[in-house]
Structure formats: C-alpha cells, structure tokens
Amino acid sequence: MTNASADRASGPTRRTTLTGLVGGAGALLAAGCSASPATAPTTRRTARAYASASDPTPGVMTLFKDPAFNFNGLLALGGSGYGSAEVGEVLTAVNTINKAGLSAQSYTETFKTLGDQLRKPPSSGKPDTQTTRFRALRAAQYYAQGLFFVLGSDTPSSEEALYKAGRGAWDAFCERCDPVPVTARIPYGKTPLPVWFFRPDGSGERRPTVILTNGSDGQNVDMWTYGVAAALQRGWNALVYDGPGQGQLLFVDQVVFTPRWENVVTPLVDWLSARPDVDTGKIALTGLSMAGDLAPRAAAFEHRIAALVAMPGVLSPWLGFPPEIREILTPDKTKTNAIWNKEVVPGLSPAEAATLKKRFEPFSVPAMLAARAGKMFTDFSTPATLIKSLDITDVVSRIKMPTLVLDYEFEQFYPGQPRQMFEKLTAPKDYVKLTAATGAQLHCSPMAPQQHCEVVFDWLAEKLSGS
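Residues numbered from 1 in each chain as written. Predicted model: local features only at pLDDT ≥ 70, side-chain atom pairs only at ≥ 80, totals over all residues. Heavy atoms only, no water.

S.K.: Run through the pairing of strand S4 (residues 237-241), naming residues and quoting values.
M.R.: Regular strands have side chains that alternate between both faces of the sheet. Within S4, 5 of the 5 residues are buried, which leaves it mostly tucked inside the rest of the structure. Neither face of S4 is open: one carries Asn237, Leu239 and Tyr241, the other Ala238 and Val240, and all of them are buried. Summarising the sheet, strand S2 (residues 193-198) and S4 pair through 4 bridges and their orientation is antiparallel. The residue bridging Phe198 from the neighbouring strand is Ala238, located in S4. Across 4 bridges, strand S3 (residues 207-213) lies against S4 in parallel orientation. What sits directly across from Thr209, in S4, is Asn237. Read as a crossover between parallel neighbours, the route from S3 over helix H8 (residues 220-233) to S4 is right-handed. (Buried < 20%, exposed > 50% of the residue type's maximum accessible area, 1.4 Å probe, protein only. Helix = DSSP H or I, 4+ residues; strand = E, 2+ residues; numbered from the N terminus. Pairing = 2+ DSSP bridges. Right-handed = clockwise from strand over helix to strand, strands pointing away.)

Structure below.
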C-alpha cells in the first residue's frame, strides 16, 4: 500500500501514474469488469494491438480503435445469431460513428437513434407481430449500447430515460412472445425484484429451469442472447431478473449491489419452487461477467441449486481494478477521499473520468447521481469498500453442486481468476476455456454467444440428466 502522504511530490506522481493507467486499463472497464491488476500494462498493450495489422488475437474484428467501444460493438454484433441485433444495422452504425469521430457522444447518439427508428413501424408497410417483436428486441440492444456510454456524452442526465427506453423495448418484445413470459415482483428487502419467466410452451409441463444472472452493467437483452433463447430451444424454462445494482433496481429504484447475493437468489428459488411447471430438482444458476462472482456466492449458501455455471469464474471484482486504483483505498475514509479528490480527480481526462463514473455507479447512488449531473463523485471510499466486499475467495469451498467454470483465451478483464476459482472448488467441477481457434476468445465470447450457449447447455443437460 502506497503511503498516502500529503507531500508535494506525492500528488503529481500519483496523478501521473493514475492517469496513465486509467487511460489504458480504464478503456477496458467494460461489461462489468476491469483490467487485471497483475497484468494491466500488458493488457493495455494487447488492447491497442487489436486495431493493428499485427493483431496477436486472431479473429478479433476491429470495429473501433478504442478497445472499450470495440468490445461493446462486438457484443452487439454477436447478438445477431439470436435476433438481438442485425449485422447490417450494427455495421452501419459503426460506420456512422467512425465517420462522425468516435466518442461517447457519437456512439450514444447513433445507437439511440437506431433504437428510436426500430420502435416505429417500418416504412415498408404495416408490421406483423413477429416483425414488431424482433424490432423491439433489437431496439433494446441498441438502447443498451447507448446507455453504456451515456455518462460520457453531452447528456449524462438522460441516463434514466435511456434505460427506460430500453426497458420499454424489452417489455414490448416480451409481450409478443408466445407464450408471453410470466412477470412478477418478487419480495426483496424494500424493493421487489422484477422477473421474467420464459417457458417453451403453455403446457404446464415440469421442466428444467435456469436462473440467468447478469453482470454489473448488462441489460435484459443480454440474457436473451446468453441463455433465454438457448434454453427455450432445448425445452427449458428460463428466469431473467434485475437484482440490486442492475437494471430497474439501479437506474430507477436506486438500489446498489449487495455482497450477499444468496439473499437475492433464495427468493427466486422460493418463487420457482412454488410453480408446477418447474422441476425443482433441476434448477440451475448461471452468472455472466461479474455475475461469475455473484452466482457462485449465492450457490455457496442456496443448496437447492442443482448446477452452477460461472461465465467466467471471478473471485474478487476489486482485484480486477489496477493496483494504482486499489491503493487509493485506506482504512481511513477521510484520508482515502482526500487522496481521491485532491490527488486523483484533478488529473483525470474527461474520458478517464467518464470511465470511473460508469464503473462506480452500480455501487453508489451518490456517485450515480453526481455522474448524471456531469460531476465526479467525491466519496471514493464507500463504493470501493463495497466492491472489495464482493470477494468470495473464502466461500467457494462451500459450493456443493456440480460447477462449470468458463474461461476465455485473451480474457481481458479477469485473467487468471477463472482458473483460481476452479482450483479452489471442492465440488464436482469442470473447466472449459473458449478459444480464438473458433472465434470464441475475449471476455464472454462476444463474437460467439451461440458457441458459448452450446457449451453451457450441453454441460447442464449432462449434469442434470440424473438429478
């Protein structure tokens, strides 16, 4: 831990180090994750190489030179396989953004405009139900793309409205599904959890069910791409939900993350167990992105879960931040915040500031509200302490159900942590690394969600067949 002294040399030195690191590693703080503490400089060089002719990661498509924008663009493009995007729409948006000059403003504005267009009837004539349905699903994707970067745009105050536009598109999609997913508000503290329960048909047949857990900044449309569609294709039920720090609970209800994710999942299992169309012996739990930490935490205490998938395995989200960011946190809140406000914040560029606003908002309502007002949050200590409390290293051994830990070649956010989790598990376990050989590299396989789902659901089918 660097001594947080107030001498004249420490301020400029810290600012220089932080701005250099945040500018590189911060660009990779996407999809609920951050650069590796041990390999942050190397990660930054690799990220820049994605746009070079000597790309060390075969198969990565360069949409944008900035790695954070590129990664998010790849996620949108990858959703095309499940109907949550259209290749031509995404690439046209990419060209529009690059022509205008890549920025949070051009990215947010372009994708929001595309979402707005899809929420209107097509110019070709009156749309049928399926056309309207999948136009709404794609709109939800594009609103989510804009939402991710809105805090760095000219209109950060529009964040809640942009979230609600995406949520409206998602609900419009769901209302046209056949059968329509069952919706409910499941009790959780003072703020109930919104859920969407998808079934392959209305027969009422008892079926295996997967609870899909999102990361720190994903939206419901991502759960369609990373589980709902695949579950329905296989005759499974799928439950999508917003937990604290996610979706409606964050952007509208202003409820931040909790380290006790079992308190979130247990009410979901209670609700599912009361349904006659759920095989209670075959309830699986998956966690995407940072939920590779949340879902295992829940499974360590909620033993009705029959199988667990961490995508990828994450032991400590806090260790995902570069050490120069982590060392700001000291046991003394006043000292920590003095370092933050006097030594760090003054040296941040607008892009770096926007990155940190985005990364910290799911852990602090004051940070979120300040960001929406175009300001930097002043209390670093409280959200940093909350992020640190998400460490599950000491509870992984409590997991008893079969567990699949996914890893990704060139995992740019939590390299090393999936393997570490696998080694700590004492339950029946499997480890699968998705690779560049089939275009499934990078965090969450953004270019290959169908391959991703094939691995997950083949494993779940095998593990639950005898349950």
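Right, picking up where we left off after that structure.
S.K.: Describe the pattern of salt bridges, naming the residues involved and giving the relevant values.
M.R.: Scanning the model with the defined rule gives 19 salt bridges in all. The partner of Arg372 in a salt bridge is Glu159, with the nearest N and O atoms 2.7 Å apart. Of this pair, Arg372 sits in helix H15 (residues 365-372) while Glu159 sits in helix H7 (residues 159-175); the two residues are 213 residues apart in sequence, bridging distant segments of the chain. For the residue pair Arg372 and Glu159, the accessibility class agrees, reading buried in each case. Between Arg275 and Asp277 there is a salt bridge, and its shortest N-O distance comes to 3.0 Å. The exposure class assigned to Arg275 is buried, which follows from its relative accessible area of 19%. (Salt bridge = Lys/Arg side-chain N within 4 Å of Asp/Glu carboxyl O.)

S.K.: Any details on the nonpolar core? Residues and values, ideally.
M.R.: Membership of the largest hydrophobic core comes to 75 residues, with the highest contact counts inside it found for Trp170, Phe198, Trp224, Phe457 and Leu460. For this core, the leading source of residues is helix H6 (residues 129-149), giving 10 residues. Not counting the four nearest positions on each side in its chain, Phe457 is found in contact with Val210, Gly227, Ala230, Ala231, Arg234 and Trp236. Ranked by size, the runner-up nonpolar core spans 66 residues in total, among them Val195, Phe197, Ala310 and Tyr414. (Core = buried A, V, L, I, M, F, W, Y, C linked by side-chain atoms within 4.5 Å. Contact = heavy atoms within 4.5 Å.)

S.K.: Summarise the sheet that holds strand S6 (residues 307-311); cite the residues concerned and give the values.
M.R.: An order of S1-S2-S4-S3-S5-S6-S7-S8 is seen for the 8 strands of this open sheet, with the pairing classed as mixed. The two strands at the open ends of the sheet, each matched to only one other strand, are strand S1 (182-186) and strand S8 (429-434). Between one strand and the next, the sheet's axes are offset by a mean angle of 20 degrees, whatever the strand orientation. Examined bridge by bridge, strand S5 (residues 278-288) and S6 share 5 bridges and lie parallel to one another. Residue pairing across strands places Thr286 opposite Val309, the latter belonging to S6. (Axes fitted to C-alpha atoms, helices over the stretch in contact; angles between N-to-C directions.)

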